[in-house]
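Spelled out from the first residue to the last, the chains are:
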Amino acid sequence: MDYQNILVTREEDIAIITFNRPKVLNALNRATMAELSAAIDELASDENVRCIILTGAGEKAFVAGADIRELQAIESAAEGAAFAAQGQSILFKIENLSKPVLAAINGYALGGGCELAMACDIRIAADTAKLGQPEINLGIIPGYGGTQRLPRLVGKGYAKWLILSGDMISAQEALRIGLVEMVVPAEELMAKARELAHRIARKAPLAVACAKTSINVGSETDLGTGCAYEASQFGLVCATEDRVEGTTAFLEKRPAQFKGK
Ligand code: COA
């Protein structure tokens, strides 16, 4: 597919989606969200792609939020609710994708940009990045899942601080509260993200998918139900050729050759 607002590149077993509207700090308009959705579908069905990185073009921004021009043009409660629901469905698609998605946060991750990063599996931030949910300054609230995923990631108190004040925080502060998992020098960001993505991409893909869904399902339910789900997923991976290969390779003291079967 021919994309106007994002770049999609494949590098061996990984793919990189780059938000490419640097003049507006990669703000997410409807067209960009539609392209993101199409790109995720495209990469979901590409067997050669085992891990995906999301990042932003330019040095300033990952994504500086939903496009404020489009927010200004919303005319009714129904239109606003549909706008939010549409964005949320695309973020769910990322969260529920069987392949891991890493956010390489190269600058501002604000509003929808922070929400997008939170729908990813792992967040790596440049030491120059800034994160926040500044919607309150526009007279609105987060609409792409921010009021839900932020407290789940960092706890209610930090979520209320960020969402009620609109304060922007540094990458280091984001690391401290658990909003990102890693902070690296800006110039090393993509190398680190690629290195981690390739490392995950070389694991058994069905085991990676089952681990991701077990964590996602389990973190939204009680411990007993989560463990029961884990046991069913453990059963699934036990039925794979990759389980035989992984355990045999260990015992034969050689690297495993996983096939995704
Ligand atoms: N939607 C639409 N346009 C945006 C945008 C957004 N979310 N964020 C930035 N832009 C545009 C600006 O309007 C500006 O366009 P212009 O050159 O035509 O004036 C351009 O991107 C550069 O932004 P600018 O504000 O000049 O850069 P800055 O370095 O002074 O400030 C920010 C950077 C991120 C602090 C500031 O752009 C900002 O606060 N953006 C909005 C963040 C936000 O509220 N996001 C949540 C939306 S729900």
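Right, let's walk through the structure included here. (Residues numbered from 1 in each chain as written. Predicted model: local features only at pLDDT ≥ 70, side-chain atom pairs only at ≥ 80, totals over all residues. Heavy atoms only, no water.)

Focus: the sheet that holds strand 6 (residues 108–110)
Whether parallel or antiparallel, the strands of a sheet pair through hydrogen bonds between backbone atoms.
Part 1 of the reasoning: Taken in spatial order, the 4 strands of this open sheet run 4-6-8-9, and their pairing is mixed. The open sheet terminates on both sides in strands that have one partner only, identified here as strand 4 (61–63) and strand 9 (168–170). On average, each strand axis in the sheet is inclined to that of its neighbour by 20 degrees, with strand direction left out of account.
Part 2 of the reasoning: Sheet topology places strand 4 next to strand 6; 2 bridges connect them, and they run parallel. Bridge pairing in strand 6 places Val63 opposite Ala109. (Pairing = 2+ DSSP bridges. Helix = DSSP H or I, 4+ residues; strand = E, 2+ residues; numbered from the N terminus. Axes fitted to C-alpha atoms, helices over the stretch in contact; angles between N-to-C directions.)

Quick notes on the site of the ligand
Part 1 of the reasoning: Every one of the 16 residues lining the ligand counts as a neighbour, but Val24, Lys60, Ala64, Ala66 and Ile68 are closest to it.
Part 2 of the reasoning: Lys23 is positioned such that a nitrogen or oxygen atom in its backbone is 3.4 Å from an oxygen atom of the ligand.
Part 3 of the reasoning: Ala66 is positioned with one of its backbone polar atoms (N or O) 3.0 Å from a nitrogen atom of the ligand.
Part 4 of the reasoning: Contact with the protein chains covers 60% of the free accessible surface of the ligand, which is 860 Å².
Part 5 of the reasoning: Every element with two or more residues in the shell around the ligand is listed here: helix 2 (68–72) and strand 6.
Part 6 of the reasoning: Residue composition of the shell around the ligand, by class: 12 nonpolar, no polar and 4 charged. (Near = heavy atom within 4 Å. Polar contact = N/O pair within 3.5 Å; in protein donor to acceptor, adjacent residues only side chain to side chain. Areas by Shrake-Rupley, 256 points an atom, 1.4 Å probe, with all protein chains shown as cover. Nonpolar A, V, L, I, M, F, W, Y, C, P; charged D, E, K, R; others polar.)

Looking at the layout of surface pockets
Part 1 of the reasoning: Considered as a void within the structure, the largest pocket measures approximately 800 Å³ in volume.
Part 2 of the reasoning: Forming the boundary of the largest pocket are 27 residues, of which Glu95, Met118, Cys120, Asn216 and Ser219 lie nearest the centre.
Part 3 of the reasoning: Going through the elements one at a time, helix 3 (77–96), helix 4 (112–119), strand 7 (122–126), helix 5 (146–154) and helix 9 (205–218) are the ones with two or more residues in the lining of the largest pocket.
Part 4 of the reasoning: If you tally residues by element for the lining of the largest pocket, the top one is helix 9, at 7 residues.
Part 5 of the reasoning: Among the residues making up the lining of the largest pocket, the classes are represented as 12 nonpolar, 7 polar and 8 charged.
Part 6 of the reasoning: Counting contributing residues, the lining of the largest pocket receives three or more from each of domain 1 (6–201) and domain 2 (205–251).
Part 7 of the reasoning: Estimates place the volume of the second largest pocket at around 420 Å³.
Part 8 of the reasoning: Along the walls of the second largest pocket sit 21 residues, with Leu71, Glu135, Ile140, Ile141 and Gly143 positioned nearest its centre.
Part 9 of the reasoning: Sorting the residues of the lining of the second largest pocket by element identifies helix 2, helix 3 and helix 4 as the ones contributing at least two each. (1 Å grid on protein atoms, 1.4 Å probe; cavity = no way out; pocket = protein on both sides within 12 Å on 5 of 7 lines; lining within 4 Å. Points joined across faces, edges and corners; volume = space filled by probe spheres on them. Domains from an automatic or database assignment.)

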